[in-house]
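Here's the letter readout for the chains.
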Amino acid sequence: MTPRSAASEPGTSAAGRTFAPAPGRAPWPRMVLAQGLMEARLLLRNGEQLVLALVIPLLLLVIGALAPGLDLGSAAGGARRIDLLVPGVIALAVMSTAFTSVAIATAFERRYGVLKRLGTSPLSRTGLLAGKLLAVVLVEMLQLVLVVGAGRLLGWRPGVGVGGAAAALVLLVVGTCAFSSLGLLMAGTVRAEATLAAANLVYILLLVGGATLVPVEAYPVLLQPVIGWLPSGALAEGLRHAFSGPSWGGVGGFVGVLLGWAVLGGIATARTFRWE
């Protein structure tokens, strides 16, 4: 029998040294990044969620910009239609990903026991939620590129400086936190099938009556205060002000509304969320 060399022995190197594996979990940021990338890939591979996050906002933008006879500017001081539509569609895209997609996906993960298993893994429950938030941010970046690109092709030329861009970024961050907290609140307290129906219903109601595609001024006077306090109305109206180049004072109230929704949603989620 031919003698085996040291390099052929399991667990040894060519020099005869024994490999010493170092078991242990990866650093927390690396685990969150891996979870976030996986969550983003799963969302983009889901046909229904892809339509909700990308196709519907782009279709509404194109149809709203090109449909003849549609005049949104008369209710907003003569602003161009495209200048009202693009910020609203961005707000709609944030809502579709941070609220609707998060609520539906998390609810079914809870139903099938995925959340319970991942919550006991080295990732931890905090890391799992951080990974979900990272996935939302990654998808929103893709949405923002596509919506802004389509808007530019349709003639959108925002008069925004450094201050307006910073205000828009703050609005997007706080709006994402607000919608994500509300999505997790629904997913953690309602059955998966009910969450599927309720999340889509809320999406449609806010699409029609949440000041996303049309400004708050286009609604009846009695409803305007209510719509302005909705997270969709605050985000869309705040972005319209930010992209028109206002000072920080012009968007402070909208940021405050979104921050209130984020805090209230986060507290309610922390107290009521069920992992199984």
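The structure under discussion appears in the preceding block.
What counts and what doesn't
- Residues numbered from 1 in each chain as written.
- Predicted model: local features only at pLDDT ≥ 70, side-chain atom pairs only at ≥ 80, totals over all residues.
- Heavy atoms only, no water.
- Helix = DSSP H or I, 4+ residues; strand = E, 2+ residues; numbered from the N terminus.
- Buried < 20%, exposed > 50% of the residue type's maximum accessible area, 1.4 Å probe, protein only.
- Contact = heavy atoms within 4.5 Å.
- Areas by Shrake-Rupley, 256 points an atom, 1.4 Å probe, with all protein chains shown as cover.
- Core = buried A, V, L, I, M, F, W, Y, C linked by side-chain atoms within 4.5 Å.

Check the secondary structure of the protein chain and you find ten helices and zero strands. Secondary structure elements of the protein chain, listed N to C terminal, follow the sequence α-α-α-α-α-α-α-α-α-α. Buried positions account for 42% of the 276 residues belonging to the protein chain. Counting only contacts in the protein chain whose residues sit at least 6 apart along the sequence, the fraction spanning at least 24 positions is 76%. Summed over its atoms, the accessible surface of the protein chain is roughly 13900 Å², and 70% of this surface lies on carbon and sulfur atoms.

A word on the nonpolar core. Soluble, globular proteins show a tendency: their nonpolar side chains are buried together. Core analysis: the largest hydrophobic core is formed by 45 residues, its most contacted members being Leu 61, Leu 171, Leu 235 and Leu 239. Those elements giving two or more residues to this core turn out to be α2 (47-66), α3 (81-111), α5 (124-153), α6 (162-189), α7 (192-209), α9 (231-243) and α10 (252-272). If you tally residues by element for this core, the top one is α3, at 14 residues. Every residue in contact with Leu 239, bar those within four places of it in the chain, is listed here: Pro 87, Ile 90, Ala 91, Ala 168, Leu 171 and Leu 172. Within the second largest apolar cluster, seven residues are counted, among which are Met 31, Val 32, Leu 123 and Phe 273.

On the secondary structure map, Ser 232 appears in helix α9. Beyond its immediate sequence surroundings of up to four residues, Ser 232 is in contact with Met 95, Phe 179, Leu 206, Gly 210 and Thr 212.

Our focus in this paragraph is the environment of Gly 155. Relative to the helices and strands, Gly 155 resides in the loop between α5 and α6. Residues Gly 155 and Arg 80 lie 75 residues apart in sequence; the distance between their C-alpha atoms is 9.9 Å. When sequence neighbours within four positions are dropped, the list of residues in contact with Gly 155 reads Arg 80 and Ile 82.

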